[in-house]
Amino acid sequence: MLTREDDVDAHALHAKGWKISAIARHLGHDRKTIRSYLFGGRVAGVRAKASVDEFDRFAGYVGERLREDPHLWATTLFDELTDLGFEQSYPTLTRQIRARALRPHCEPCRPAKGRPVAVIDHPPGEETQWDWVELPDPPTSWGWGRSACLFVGALAYSGMWRGRLAESMDQPHVIEGLDHVSRDLGGLTSVWRFDRMATVCHPATGRITTSFAGVAKHYGVRVAICPPRHGNRKGVVEKANHTAAQRWWRTVPDDATVEAAQASLDRLCIERLDGRLKVIDGVRDSVATFAGAERLRPLPAPFPATLTLERRVSANARVAWRGNFYSVPPELAHAAVRVTARLGDPMIDIATTGGIVIARHRTATDGTGTVIAEHGHVSALNTVVLAAFADGPPHRSKQRIPPGAAALAAAASLRGEEGDGATVVDLARYAQAANERNTLQ
């Protein structure tokens, strides 16, 4: 293969009347190589194929099939090509489709990729974007099942974001997340932007629900709903979701509690992510500095949403709630109960599954491991434990204990015998036989 410099020299020498043999000796190449570059149409810097690409015969068919059906599976296409004489492998087929860009872009299916995008201008303090992130495989000790939920809020202007772990995506957890994250961000913006989550709006129409309208009025914000399948409309929070999943959730250890995981996320946001540098209107500064320029309003008291979650009472009559433990009567050990908490209320109610409230406690700071126990519950638990306590030695597993007198008497009764071995006559049988006789003979 000739370099571009050698190719230029070869054409210049040939223009001067040099013979091909002389040019080949001068440049140190074979005559056939020089001839192919001068007359054969070869391009400098492009290596000629060592062999014919077998896929060239099938490229036309593959291109036509994918233009007809952009969603056609490559495995289905491979089956069709095999019947047509295609002898290469399936990975070769997929590599050729990618390299030759044979599969056309489908706008309805991938509206945010492969098309021009514009940067949306966000004035300071104008918009907060909200979204849920489903995090797979939480620690088993949490008892949350196969996935955990993270509610993320991001300031659209500065890019500062915070998150709140939750057990589910129901509306009370949405309201709790809105209140906590807004306080962590420093205040309220004018607009809250959501995708079409059913706890905020009707997904089909995009109109906000009656219950959430009261929440928006309480905080004094306007609600903006993204168009369907336009996730890039709230790209700030989408990027925050990606960062939370890849930079934080992947590193949460198996022995971490919910409160410890939440604290680690808060530290990451404050110590690392708020120090990111970005450029806004030609000014390069940190996210925290731009967030300080956001015109945020103070929050009112929390909206009185009610959270109700099921818990299992431990053997020592304690109910775990957000890193602390609250007492219940000892007869409920190992039973299922319902914990009810209202946002802004320092008290929680613990009720049976039938709805009967059995305990009411003042909450401690989340994650401190505090045990809140009523005196009556402690006394009752001590009574139950002491009543079940025995100070005798444990029974030996190889001790000989034959049947006693009472057991032998019971066995004799089952056999119809008296205790001394004599036969027991049932007089009821004689009475039955006499009643059935009609003569005296």
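Placed above this text is the structure.
What you are looking at is a predicted structure, and each value in this text was computed from that prediction instead of being measured. (Residues numbered from 1 in each chain as written. Predicted model: local features only at pLDDT ≥ 70, side-chain atom pairs only at ≥ 80, totals over all residues. Heavy atoms only, no water.)

Sheet topology places strand E9 (residues 318-321) next to strand E10 (residues 324-327); 4 bridges connect them, and they run antiparallel. Bridging from a neighbouring strand, Ala-320 pairs with Phe-325 of E10. Here E9 hands over to E10 after 2 residues, with Arg-322 in that stretch at a positive phi of 55°. (Pairing = 2+ DSSP bridges. Helix = DSSP H or I, 4+ residues; strand = E, 2+ residues; numbered from the N terminus.)

Located in the positive-phi region is Asp-137, a residue other than glycine, with phi close to 55°. Looking at where Asp-137 falls in the secondary structure, it is placed in the loop between strand E1 (127-136) and strand E2 (147-155). A positive phi angle, near 55°, is found at Arg-322, a position not held by glycine. For Arg-322, the position within the fold is in the loop between E9 and E10. Judged by its relative accessible area of 22%, Arg-322 falls in the partly exposed class. (Buried < 20%, exposed > 50% of the residue type's maximum accessible area, 1.4 Å probe, protein only.)

Evaluation of the coordinates by the stated rule reveals 13 aromatic pairs. Judged by centre distance (5.4 Å) and plane angle (10°), the ring pair of Trp-130 and Phe-151 falls under stacked. Of the two residues, Trp-130 is situated in strand E1 and Phe-151 in strand E2; the sequence distance between them amounts to 21 residues. With 5.6 Å between their ring centres and 45° between their planes, Trp-192 and Tyr-219 make a pair best called tilted. Separated by 27 residues along the polypeptide, Trp-192 in strand E4 (residues 191-194) and Tyr-219 in helix H8 (residues 210-219) bring together distant segments of the chain. By way of ring pairs, the aromatic residues Phe-55, Phe-58, Phe-78, Phe-86 and Tyr-90 are connected into one cluster. (Phe/Tyr/Trp six-rings, centres within 6.5 Å; stacked < 30°, edge-to-face > 60°.)

Right, let's get into the pairing of E1. Two faces, one strand: in a regular strand the side chains alternate between the faces of the sheet. Counting buried residues along E1, 8 of its 10 residues qualify, which places the element largely inside the surrounding structure. One ladder, built from 3 bridges, connects E1 with E4; its direction is parallel. Looking across to E4, one finds that Gln-129 is bridged to Arg-193. Sheet analysis places E1 next to E2, joined by 9 bridges and oriented antiparallel.

With respect to topology, 5 strands assemble into an open sheet ordered E3-E2-E1-E4-E5, the strand pairing being mixed. Here the strands that pair on one side only, and so sit at the sheet edges, are strand E3 (161-166) and strand E5 (222-225). Each strand of the sheet is rotated relative to its neighbour by a mean of 25°, with strand direction disregarded. The pairing of E4 with E5 spans 4 bridges and is classified as parallel. Within E5, the position partnered with Trp-192 by the bridge is Val-223. (Axes fitted to C-alpha atoms, helices over the stretch in contact; angles between N-to-C directions.)

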